[in-house]
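Secondary and tertiary structure notes
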Amino acid sequence: MSSVASAADLPMKAPRAAPVPLYNWSGCYVGGNAGGAWNRMDTTRVLIDTAPPTATLDDFGRENDSGFMGGAQVGCDFQTTNLVFGVESQFEFGSVKGSHSIPAFPAFTEANNLQQLYLLTGRIGYLWTPQLLGYVKVGAAFQTNKNSVFSPGGALVESAKFTDPGITAGIGLEYMFVPNWSVFAEANYVWTDDDSAAHDYKSPAGVPLEVLNDRPRIISAMVGVNYKFHWEGPAVAGY
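What counts, and where the lines are drawn
Residues numbered from 1 in each chain as written. Predicted model: local features only at pLDDT ≥ 70, side-chain atom pairs only at ≥ 80, totals over all residues. Heavy atoms only, no water. Helix = DSSP H or I, 4+ residues; strand = E, 2+ residues; numbered from the N terminus. Contact = heavy atoms within 4.5 Å. Areas by Shrake-Rupley, 256 points an atom, 1.4 Å probe, with all protein chains shown as cover. Buried < 20%, exposed > 50% of the residue type's maximum accessible area, 1.4 Å probe, protein only. Polar contact = N/O pair within 3.5 Å; in protein donor to acceptor, adjacent residues only side chain to side chain. Salt bridge = Lys/Arg side-chain N within 4 Å of Asp/Glu carboxyl O. Phe/Tyr/Trp six-rings, centres within 6.5 Å; stacked < 30°, edge-to-face > 60°. Lys NZ or Arg CZ within 6 Å of the ring centre and 35° of its normal. Pairing = 2+ DSSP bridges.

The helix and strand inventory of the chain stands at 1 helix and 9 strands. Across the chain, helices and strands are ordered from the amino to the carboxyl terminus as α-β-β-β-β-β-β-β-β-β. The long-range share in the chain, meaning contacts at least 24 apart out of those at least 6 apart in sequence, stands at 69%. Only carbon and sulfur atoms are counted for the fraction: they give 67% of the accessible area of the chain, which is about 12300 Å².

Now the structure itself:
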């Protein structure tokens, strides 16, 4: 009886608390994304391939294209307190296209198709909570377009496919819903770093016909998911 009474007087041991999830933003990651893009393309004819070539300034008009893009990203981050610094590469593929009547030659039609978009950026983010990162990014961009001109009957007159370098700036949110996995949403703006860049347009047989100056302005919006490979070192439950 004495033993039972002594045992009853012992303090009760509190139940073990559930472990706190640890969120570490330092490390590298890979992932995929999908979304849409919008491309405003202005075109001007600057040279006709006659003998000798003829300089000109003919307005080929403005086109507003839209379509799907998706791809993948890879990057690395470094966290210090509630700041996260990183670098990232994105590779986007799709078909962002449209067409319009050429103002200088209304019976003819021009059509553009943005097919690829590559972004190489640095980013800096702020952790609003241990799981939620808001960030901005800036860097270099490369975009591949195929532009074509069609006759009044719809036959292909000439075309050119070109990849132009540019500059990009973006903003986004990323949420780490469990350690090692995160989702994000972001928007990017891309413009060419040389608005005077011109491209040779050729006939279907490959004969040079004229030179056009193409000036794209691109906005992309996407959502995606990342899997994170953390660097060695302690993870953190907070800041």
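In this fold, N39 is placed in strand β1 (residues 27–48). Overall, N39 belongs to the buried group, its relative accessible area being 1%. Here N145 takes part through its side chain, which lies 3.3 Å from a polar atom of the side chain of N39. A polar contact of 3.5 Å, which involves the side chain of N39, links it to the backbone nitrogen of R217.

Now for the pattern of salt bridges. Under the defined criterion, the tally for this structure stands at 10 salt bridges. The shortest N-O distance in the salt bridge between R123 and E174 comes to 3.0 Å. One end of the pair, R123, is in strand β4 (residues 105–127); the other, E174, is in strand β6 (residues 156–178), and 51 residues separate them in sequence. We note that R123, like E174, is buried.

Here the structure, examined in full by the defined rule, presents 7 aromatic pairs. Ring geometry for Y126 against W128: centres 4.8 Å apart, planes inclined by 70°, an arrangement best described as edge-to-face. An aromatic cluster is built from F91, F93 and Y118, whose rings are joined through pairwise contacts. We note R123 situated over the ring of Y135; from NZ or CZ to the ring centre the distance is 4.5 Å. The cationic tip of K228 hangs over the ring face of Y29; the distance from NZ or CZ to the ring centre is 4.7 Å.

In this section: the pairing of β6. Bridging between strand β5 (residues 132–150) and β6 involves 19 bridges; their strand directions are antiparallel. Bridge pairing links A140 to I167 in β6. The hairpin turn running from β5 into β6, its antiparallel successor, is 5 residues long, and G154 in that turn takes a positive phi close to 95°. As paired elements, β6 and strand β7 (residues 181–192) share 11 bridges and run antiparallel to each other. Bridging across to β7, G166 finds its partner in T192. Counted along the chain from β6 to the antiparallel partner β7, the turn is 2 residues long, and its residue N180 has a positive phi close to 85°.

Take the pairing of strand β2 (residues 54–80) next. By the bridge criterion, 21 bridges tie β1 to β2 in an arrangement that is antiparallel. Counterpart to G31 in the pairing with β2 is Q73. Hairpin connection of β1 to β2: 5 residues between the antiparallel strands. Pairing between β2 and strand β3 (residues 83–102): 15 bridges, direction antiparallel. Considered in β3, the bridge of D77 is made with G86. Connecting β2 to the antiparallel partner β3 that follows it, the hairpin turn spans 2 residues, and T81 within it adopts a positive phi of roughly 50°.

So, about unusual backbone geometry. With an omega of 0°, the peptide bond running from A51 to P52 counts as cis. Counting through the fold element by element, P52 comes out in the loop between β1 and β2. Even without a glycine there, the phi angle at N180 is positive, about 85°. As for its placement among the helices and strands, N180 is situated in the loop between β6 and β7. Residue classification places N180 among the partly exposed residues on the basis of a relative accessible area of 22%.

Right, let's get into the environment of R123. Judged by its relative accessible area of 8%, R123 is buried. Considered as a pair, R123 and V138 are 15 residues apart in the sequence and their alpha carbons are 6.6 Å apart. Here R123 is in contact with Y29, D77, V84, F85, G86, L133, Y135, V136, K137 and E174, once residues within four sequence places are set aside. For R123, the side chain forms a polar contact with the side chain of E174, separated by 3.0 Å.

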